[in-house]
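One-letter residues, chain by chain:
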Amino acid sequence: MTVENKNIEKNKYITVIPVLGDNYTYLYRYDEDKAFVVDPGELDCVNDELIEKALELTHIFITHHHFDHIGGVEELKREYDCEVIGGYGKGAGVDRLVKDKEVVEIGDIKVHAIATPGHTKTSMCYYAVDKDKNGAVFTGDTLFHGGCGKVFECYPETMWESLQKLILLPEDTMVCPGHDYTEEDYEFALTILESDRIVEESLEMYRTQGKLYRSTIGWEKISNIFLKAKDAEEFAELRKKKDVF
Ligand SMILES: [Zn+2]
């Protein structure tokens, strides 16, 4: 197997902040003293990190409107006067509405908005790439490590199409999901696949590394059961099974 899964040192400017039990907020330091965050589910953990690192918050990206992803937005905005970017419409805390393929430039970082309807109709993922081509994708509740989000507002086929967009990203892109459901997702996969060396290895790594576990698009392509589905129909079947797992 040519794809390696390892903690990605080159993305060390990204800090993973576990919030609200199983959510993840991401802090991306793009300049000596400046940062943006993705999906600040609450204020305190995020603000503590900004203060500790002496960073000014300039932008907030939101993947979708669910409260556990936006809980800290209002207060952070008051605190830092930052710009809030999202795909679900102006108002509701969003200053700048982005559409599919729109690129937001922040310092040397290009952040590509990728419309990924499925979990919600207006879910967005963000692919951030620096000038050295180090990439990370913030996937909200669309793609998880070993899993994918529940399909609430769309048909499963729509979610499937959104996931197909994400797997076109470069293989070494770091995957930054909105939740840590990793263990459950790999356990679910093993009930379907029974035995799969890559999934077993992923579960083992997760159990060792916990919230430090990282993955890439390349690794997800071979270890994520929802991405291994051969078509939208098989995907929909899997999603249905996972919903009652
Ligand atoms: Zn959600």
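Residues numbered from 1 in each chain as written. Predicted model: local features only at pLDDT ≥ 70, side-chain atom pairs only at ≥ 80, totals over all residues. Heavy atoms only, no water.

**Observations concerning the environment of Pro40**
- Residue placement: Pro40 occurs in the loop between β3 (34–38) and α1 (44–52).
- Exposure remark for Pro40: the relative accessible area of 0% places this residue in the buried category.
- Once the C-alpha coordinates of Pro40 and Phe235 are considered, the two residues, 195 residues apart in sequence, prove to be 30 Å apart.
- When neighbours within four sequence positions are excluded, Pro40 is seen to be in contact with Thr25, Val46, Ile60, Phe61, His69, Ile70, Gly71, Gly72, Val73 and Leu76. (Helix = DSSP H or I, 4+ residues; strand = E, 2+ residues; numbered from the N terminus. Buried < 20%, exposed > 50% of the residue type's maximum accessible area, 1.4 Å probe, protein only. Contact = heavy atoms within 4.5 Å.)

**Details of the nonpolar core**
- If you look at the biggest cluster of nonpolar residues, it comprises 34 residues, and the most contacted ones within it are Val137, Leu163, Leu166 and Phe235.
- Only β9 (124–129), α4 (156–166), α5 (182–193), α6 (197–209), α7 (217–223), α8 (225–228) and α9 (232–243) provide two or more residues apiece to this core.
- Setting aside anything within four residues of it in sequence, one finds Phe235 in contact with Cys148, Pro156, Met159, Trp160, Leu163, Phe226 and Ala229.
- Counting 25 residues, the second largest nonpolar core, distinct from the first, contains Ile85, Ile106, Phe138 and Cys176. (Core = buried A, V, L, I, M, F, W, Y, C linked by side-chain atoms within 4.5 Å.)

**Considerations on the coordination of the zinc ion**
- For the zinc ion, the full set of protein donor atoms is His64 (NE2), His66 (ND1), His119 (NE2) and Asp141 (OD), and the range of their distances to it is 2.2 to 2.3 Å.
- One way to put it: the 4 donor atoms around the zinc ion meet at angles of 86 to 173°, and that makes the site irregular. (Donors = N, O, S within 2.8 Å, 3.2 Å for Na, K, Ca; no water. Tetrahedral: all angles 85-135°; square planar, octahedral: opposite > 155°, others 65-115°.)

**Examining the sheet that holds strand β1 (residues 14–19)**
- If you walk across this open sheet you meet the 6 strands as β1-β2-β3-β4-β5-β6, and the pairing is mixed. Strands with a single pairing partner mark the edges of an open sheet, and in this sheet they are β1 and β6 (96–97).
- Sheet topology note: the strand β2 (residues 23–31)/β3 ladder contains 5 bridges and is antiparallel. From the neighbouring strand, Asp31 faces β3, where its bridge partner is Lys34. (Pairing = 2+ DSSP bridges.)

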